[in-house]
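# Residue-level structural notes
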Amino acid sequence: MSAPTRLAQLWQSLPAYAHSTLIILALCIVLILSVAYLTLWERKLIGWMQMRRGPNRVRLFGIPHTEYIGQPFADVVKLLIKEVVVPARSNRILFRLAPALTLIPAFAAWAVIPLAPGYAIADVDAGVLYYLSLTSVGVYGVILAGWASNSKYAFLGAMRSAAQVVAYEIAMGFALVGVLMAAGSLNLGAIVAHQRGSPLHWNLIWLFPLFMVYFISGVAETNRAPFDVAEGESEIVAGFHVEYSGIGFALFFLAEYANMILIAALTAVFFLGGWLSPLDGIVPAASAIRGVPLLGLMLGDGTHWLALKIFLLLCVFLWLRATFPRYRYDQIMRLGWKVLIPITLVWITVEGVFAWFHLGPWRA
């Protein structure tokens, strides 16, 4: 009996909870490594855009020809060995709890994301509600970080960040209403399956304004440029986490990049077909190619397409940072309340008209 066969039999003999535990462990490791190397990719990509080198010194454990690959590990070691300073009159319990409240939802939301055809760690019918509830919890981490620090600068940064997150969360919620109207389900796997057929069936085509609103709101939710007023150095020092150092700051840093990956994954699921292959309906022999072992694995539906879509959306995140200057706070709030929310309401009405008269994707 070959080794792969024995491993397959061992996997099948494990109980369901063991399967979920091992998959969760593997997913967490992949996410942590992805966050680490996303910081490196950001510096290299923006360096290329600005015609400079970016990181090019730290080798991976001293291995030749691996220049800059070890940079994320050097950053982690630097943050871990820094002294953790807790302000004298701060609320010590909440001060330590705030980074966890920001980071945990970014990882927990992956439980309902369809990772492969027909598979999610928790294939629940109310997956969208689960995701929305978790993203709302992240706001408490921001508020507690500013309030528990007992610093006026941190508290001011927390209030500004919380107001921004709440404003754009409403726009994101309205954008998802359009997705739910199109798919007719709160299950993320069903939303992906509804887009099957070809890229012309993806929600990106008929819900393009909602796609733009959702992605822009996601950039604002993660406090990324040009919406990074929480870190406006010339205005409020460093935002709600100004009093954090060492591992506390590292957790906020990790949460920001983990939320970037999460928003990119959800954008791919809601609007870009998730794990669906973009070649369906375009390549004439796509169905026949699936029968070929290697080509079928590469060109057919699978997790690799979801990973590629996430990577491309993350590149857009970084592109925006290298392109746009930081907006003023009043401009950010005006965009959220007076532009994005009205766009979603108008397009939801248009979508309702399409559905009522059976036009476009709602054609009987």
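One structure accompanies this document, and this report is about it. Values in this document were obtained by computation on a predicted structure and should not be read as measured data.

A separate point is the pattern of salt bridges. Overall, the coordinates contain 9 salt bridges when judged by the stated rule. Measuring nitrogen to oxygen at the nearest pair gives 3.3 Å for the salt bridge that ties Asp330 to Arg334. Of this pair, Asp330 and Arg334 both sit in helix α15 (residues 329-356), separated by 4 residues, roughly a single helical turn. Take Asp330: its relative accessible area is 34%, and that puts it in the partly exposed class. A single salt-bridge network, built from bridges that share partners, covers Glu42, Arg224, Glu256 and Arg321.

This part is about the nonpolar core. Grouped together as the largest cluster of nonpolar side chains are 71 residues, with contacts concentrated most on Trp110, Ile113, Tyr214 and Phe270. Those residues in contact with Phe270 that lie beyond four places of it in its chain are Val128, Tyr131, Leu176, Val179, Leu188, Ile191, Gln195, Asn203 and Tyr214. Counting 12 residues, the second largest nonpolar core, distinct from the first, contains Leu144, Ala145, Tyr244 and Phe252.

Now for unusual backbone geometry. Here the amide bond leading from Ala225 into Pro226 is cis, since omega sits at 5°, within 30 degrees of zero. Turning to its location among the elements, Pro226 is positioned in the loop between α9 (208-221) and α10 (233-236). Residue Met51 is not a glycine yet carries a positive backbone phi of 55°. Relative to the helices and strands, Met51 resides in the loop between α2 (16-49) and α3 (71-81).

Here Thr344 is to be found in helix α15. Excluding its chain neighbours within four sequence positions, the residues that come into contact with Thr344 are Ala171, Phe174, Ala175, Leu210 and Val213.

Once that is clear, we can look at the packing of aromatic side chains. Per the stated rule, a full pass over the model turns up 18 aromatic pairs. With 5.1 Å between their ring centres and 65° between their planes, Phe215 and Phe317 make a pair best called edge-to-face. Taken as a pair, Phe215 in helix α9 and Phe317 in helix α14 (residues 303-323) lie far apart in primary sequence, 102 residues in all. Assigned by exposure class, Phe215 and Phe317 land together as buried. A cation over an aromatic ring shows up here: Lys44 above the ring of Tyr68, its NZ or CZ 4.3 Å from the ring centre.

Right, let's talk about the environment of Met159 for a bit. Within the element layout of this structure, Met159 appears in helix α6 (residues 152-183). Those residues in contact with Met159 that sit more than four places away from it in its chain are Ile143 and Tyr329.

What counts, and at which threshold
Within every chain, residues take consecutive numbers counted from 1 along the sequence as written. Reporting of local features is limited, given that this is a predicted model, to residues whose pLDDT is at least 70; pairs of side-chain atoms are given and counted only at 80 or more, and all residues count toward the totals for whole chains, interfaces and linings. Excluded from the side-chain calculation are hydrogens and water; included are all heavy atoms of the structure. We count a salt bridge whenever a side-chain nitrogen from Lys or Arg sits within 4 Å of a carboxyl oxygen from Asp or Glu. A run of H or I in DSSP becomes a helix once it reaches four residues, and a run of E becomes a strand once it reaches two; helices and strands are each numbered from the N terminus. To sort residues, take the accessible area from a 1.4 Å probe on protein chains only and compare it with the maximum for the residue type: under 20% means buried, over 50% means exposed, and anything in between is partly exposed. What we call a nonpolar core is a set of buried Ala, Val, Leu, Ile, Met, Phe, Trp, Tyr and Cys residues that are connected through their side-chain atoms within 4.5 Å. Note on contacts: a residue pair qualifies if any of its non-hydrogen atoms lie within 4.5 Å across the two residues. Classification of ring pairs rests on two measures: the distance between centres of Phe, Tyr or Trp rings, Trp counted by its six-membered ring, which must be within 6.5 Å, and the angle between planes, read as stacked under 30 degrees, edge-to-face over 60 and tilted in between. Should the NZ of a Lys or the CZ of an Arg lie within 6 Å of a ring centre and within 35 degrees of the ring normal, that charge is described as sitting over the ring.

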